[in-house]
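What follows is the residue order along each chain.
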Amino acid sequence: MTRLDPSNLSRRSFLAVAGSAAAVAFAPRFLFAQKKGIVPTMIDDAAKATIKTYPLRRNISVLEGSGGNIGVLSGKEGKLLVDSGFTVSKARILQALNSLNSDPIAQLLNTHWHTDHTDGNAWIHAEGAKITAHVNTRKHLSTSTRVEGWDWTFPPAPLGAIPTVVFNDEHRLQHNNTNVRLQYYGPAHTDSDVCVVFEEADIIHVGDTWWNGIYPFIDYSTGGSIDGMIHATEQNLRVITDKMTVIPGHGPIGDKAGLTEFGEMLVAIRNQVATLKKQGKSLSETIASKPTAAYDAKYGHFLITPGFFTTLVYSGV
Ligand SMILES: [Zn+2]
């Protein structure tokens, strides 16, 4: 099975950021209050990272290395991309796309509004892509938007980066002889998350509702919550079959079994943290009780440390 390389460059600098985050996790305002915050760290990583290409089924591939995983559907009508990574990776993303084939870029779908999935929107639009997303992705990209958990305020995106086709619940299109379905989750990781299903290929891109093998970030500032994440996972598990290939927002390409484990982890930690909070424990006491301990070896080694994930869950229970 195709696997994304788990030992990419970005991990080391994410760890450097996340390590200091854990130490001050009881003071969320200063989670990333070191010299270089998490957003500049993500951009610097994308500027250095190699873009790796993973062919899946039919004419669908994944590019990894610039922010979130980028899905690519190739064909005569031009490439359809799912998410756009960071602009600093433009040259290497273009090179990876051109090594697949010479099809131009025709369409871009955004799984949600976050910068590691939309920063490249403007240049991909300039290459000829029409941009489609949930109505809340357009809303957040059109205005100044703060993400408290990243200690970062994003200015409005340039006009070319703004999706021009938006929808509320479901959107379907036909591209390169493929039926593509986008479905809104409701509030989950943000309030703008959609999945993208390539029906004939049996492939689904679930955006940041799944971080495969790593604790997820949850953006409470724009409508995300732990319960929303759990609800989105339940929705994923209802539509995903054992045969489907699942592209997560971050982490290696996976399947239903991996997503099932992720969902069990979310529920177990949510319940542990809720119990501690009900007992009157403060956030720092809750972190000290290590409610994530059983899962840290598997999920706690990346961007979101055990202490930071506990902080995110504590905010929502
Ligand atoms: Zn995200």
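Right, let's walk through the structure included here. What you see is a predicted model; the values in this text were computed from it and never measured.

Moving on to the overall build of the protein. A tally of helices and strands in the protein yields 11 helices and 14 strands. When the 317 residues of the protein are sorted by exposure, 55% land in the buried category. In the protein, of all internal contacts separated by at least 6 residues, the share reaching a separation of at least 24 is 67%. Accessible surface, the protein: about 12400 Å² in total, of which carbon and sulfur atoms supply 54%.

Okay, the packing of aromatic side chains next. All chains considered together, the criterion is met by eight aromatic pairs. For the ring pair Trp 150 and Phe 154, a centre distance of 6.1 Å and an interplane angle of 70° mean the geometry is edge-to-face. No difference in accessibility class separates Trp 150 from Phe 154, as the two residues are buried. Ring geometry for Tyr 215 versus Phe 309: centroids 4.7 Å apart, planes at 5°, classification stacked.

Below, the discussion takes up the coordination of the zinc ion. In ideal tetrahedral geometry, four donors around a metal make angles of 109.5 degrees, whereas ideal octahedral geometry with six donors gives angles of 90 or 180 degrees. Around the zinc ion, the protein supplies His 112 (NE2), His 114 (ND1), His 189 (NE2) and Asp 208 (OD) as donor atoms, at distances of 2.2 to 2.3 Å. Metal-centred angles of 85 to 170° between the four donor atoms at the zinc ion mark the site as irregular. For the zinc ion, the donor residues sit on a single chain with the sequence spacing H-x1-H-x74-H-x18-D. Separated by 75 residues along the polypeptide, His 114 in the loop between β5 (105-109) and α4 (115-118) and His 189 in the loop between β11 (178-184) and β12 (194-198) bring together distant segments of the chain. Comparing His 114 with His 189 shows no difference in burial state: the two are buried.

Moving on: the pairing of strand β2 (residues 60-64). A regular strand carries its side chains on alternate faces of the sheet. Summarising burial for β2: five of the five residues are buried, a large majority. Neither face of β2 is exposed, since Ile 60, Val 62 and Glu 64 on one face and Ser 61 and Leu 63 on the opposite face are all buried. Of the strand pairs in this sheet, strand β1 (residues 52-55) and β2 are connected by four bridges, and their pairing is antiparallel. Paired with Lys 52 across the strands is Glu 64, a residue of β2. Note: β2 against strand β3 (residues 70-73), four bridges, orientation antiparallel.

Bringing the pattern of salt bridges into the picture now. One pass over the full model with this rule turns up seven salt bridges. Glu 148 is paired through a salt bridge with Arg 146; the nearest N and O atoms lie 3.1 Å apart. For Glu 148, a relative accessible area of 32% puts it in the partly exposed group. For Arg 146, a relative accessible area of 29% translates into the label partly exposed. Linking Arg 181 and Glu 199 is a salt bridge whose minimum nitrogen-to-oxygen distance equals 3.4 Å. One end of the pair, Arg 181, is in strand β11; the other, Glu 199, is in the loop between β12 and β13 (203-205), and 18 residues separate them in sequence.

About the cut-offs
Residues numbered from 1 in each chain as written. Predicted model: local features only at pLDDT ≥ 70, side-chain atom pairs only at ≥ 80, totals over all residues. Heavy atoms only, no water. Helix = DSSP H or I, 4+ residues; strand = E, 2+ residues; numbered from the N terminus. Buried < 20%, exposed > 50% of the residue type's maximum accessible area, 1.4 Å probe, protein only. Contact = heavy atoms within 4.5 Å. Areas by Shrake-Rupley, 256 points an atom, 1.4 Å probe, with all protein chains shown as cover. Phe/Tyr/Trp six-rings, centres within 6.5 Å; stacked < 30°, edge-to-face > 60°. Donors = N, O, S within 2.8 Å, 3.2 Å for Na, K, Ca; no water. Tetrahedral: all angles 85-135°; square planar, octahedral: opposite > 155°, others 65-115°. Pairing = 2+ DSSP bridges. Salt bridge = Lys/Arg side-chain N within 4 Å of Asp/Glu carboxyl O.

Everything listed here is a matter of geometry and, on its own, says nothing about what the molecule does.
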